[in-house]
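Breakdown of the fold
Here's the letter readout for the chains.
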Amino acid sequence: MGSEATLFSDDLALMLEASRLAADIAMSHFRQDPEVWYKNGGRSPVSEADIAIDELLKKLLLAARPDYGWLSEEAEDSEHRLAYKRVFIVDPIDGTRAYVAGRPDWCVSVGLVEDGRPVAGVLAAPARGEIWQAQAGGGAFLNDVRLPAGMSLSGEARLRVAIPDMVAKKMLPKAENGLDKVAGGPSLALRVAAVARGELDAVFVRPHASEWDLAAADTLLAETGHVLVDQAGGRMHYNRPDPSRGLLLAASSGHVPQLLALLQTADGH
């Protein structure tokens, strides 16, 4: 374990403990008909568990790290966070739609960034019996088993890629013919984690995903030889004034050029 990993090991331990407590709250409401309301013009569900988890994480994490900033999907954003070197970036429940429906593919996502770079992350997916964790220089783990770098579990010549319909429309004609297009699942963070594990070769992320969807999972990518890039191939940078992003791709560094080449450019070619 390198010196950088040692630098963030206490932060990761704190995030793991907070995430486990958050997962307990989530499971206490799961399949118990939690109260739900909608934001973003009725498109995005929010449950009482989302709010309770957000409050718990903010209280626990900032009490222990009062000199860190805060960005959460369920908290009012403030440019105040931009002044901090280190910032917690949190999605209390990523995949709320699945959570409310009683399906297991959701997680509590807790990330830490330093100077815009992800340095620690935890995904707690208790309904799936999973805890994903990673820290810069210290590797990535699923339930305490280290994820190997640069390994695909598919064993197929054709790349297994999750492609949202919105992104598929932006691809060149017949671009999907050489790929195995797979369903992505409701949690973007868990989709990205599947790339880190090698279960998927790549995930295209449709525009308007936010930093809280990605910060924790991005650390898993970095520790397994993968990257999260925009359409121009630029790496994701965090704690920006606007947490929303355009089209993104999570994949191994080696597969990025060929996959980005399948997208139409701005002039349609």
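Here's what I pulled together on the structure shown here. Quick caveat: nothing in here was measured; it's all calculated off a predicted structure. (Residues numbered from 1 in each chain as written. Predicted model: local features only at pLDDT ≥ 70, side-chain atom pairs only at ≥ 80, totals over all residues. Heavy atoms only, no water.)

**Some thoughts on the sheet that holds strand S10 (residues 159–162)**
Spatial strand order, S11-S10-S12-S14-S13: 5 strands in an open sheet with mixed pairing. The sheet is open, and its two edges are formed by strand S11 (179–182) and strand S13 (226–230), each paired on a single side. The average angle at which neighbouring strand axes cross in this sheet is 25°, direction not considered. As paired strands, strand S12 (residues 202–205) and strand S14 (residues 248–252) are joined by 4 bridges and run antiparallel to one another. Opposite Val 205, over in S14, you have Leu 248 as the bridge partner. Relative to the sheet, helix H5 (residues 188–197) contacts S12, S13 and S14, its axis offset from that of S12 by approximately 150°. (Pairing = 2+ DSSP bridges. Helix = DSSP H or I, 4+ residues; strand = E, 2+ residues; numbered from the N terminus. Axes fitted to C-alpha atoms, helices over the stretch in contact; angles between N-to-C directions. Contact = heavy atoms within 4.5 Å.)

**Concerning unusual backbone geometry**
Glycine aside, residues mostly have negative phi angles, and peptide bonds mostly take the trans form. Although it is not a glycine, Asp 115 sits at a positive phi angle of roughly 50°. You will see that Asn 239, though not glycine, has its phi angle at about 60°, which is positive. Position of Asn 239 relative to the elements: it lies in the loop between S13 and S14.

**Some details on the sheet that holds strand S5 (residues 107–114)**
In spatial order, the strands read S3-S4-S5-S6-S7-S8-S9; together these 7 strands make up an open sheet with mixed pairing. The sheet is open, and its two edges are formed by strand S3 (69–72) and strand S9 (145–146), each paired on a single side. Bridge analysis of strand S4 (residues 86–94) against S5 gives 7 bridges, and the strand direction is antiparallel. When the bridges of S5 are listed, Phe 88 appears paired with Leu 112. Of the strands in this sheet, S3, S4, S5, strand S6 (117–125), strand S7 (130–135) and strand S8 (139–142) are in contact with helix H6 (residues 211–222), which crosses S6 at around 100°.

**Structural notes on the environment of Arg 235**
As for its placement among the helices and strands, Arg 235 is situated in the loop between S13 and S14. Measuring from C-alpha to C-alpha, the distance between Arg 235 and Leu 142 comes to 24 Å, with 93 residues separating the pair along the chain. Discounting chain neighbours no more than four positions away, the residues touching Arg 235 are Val 227, Leu 228 and Val 229.

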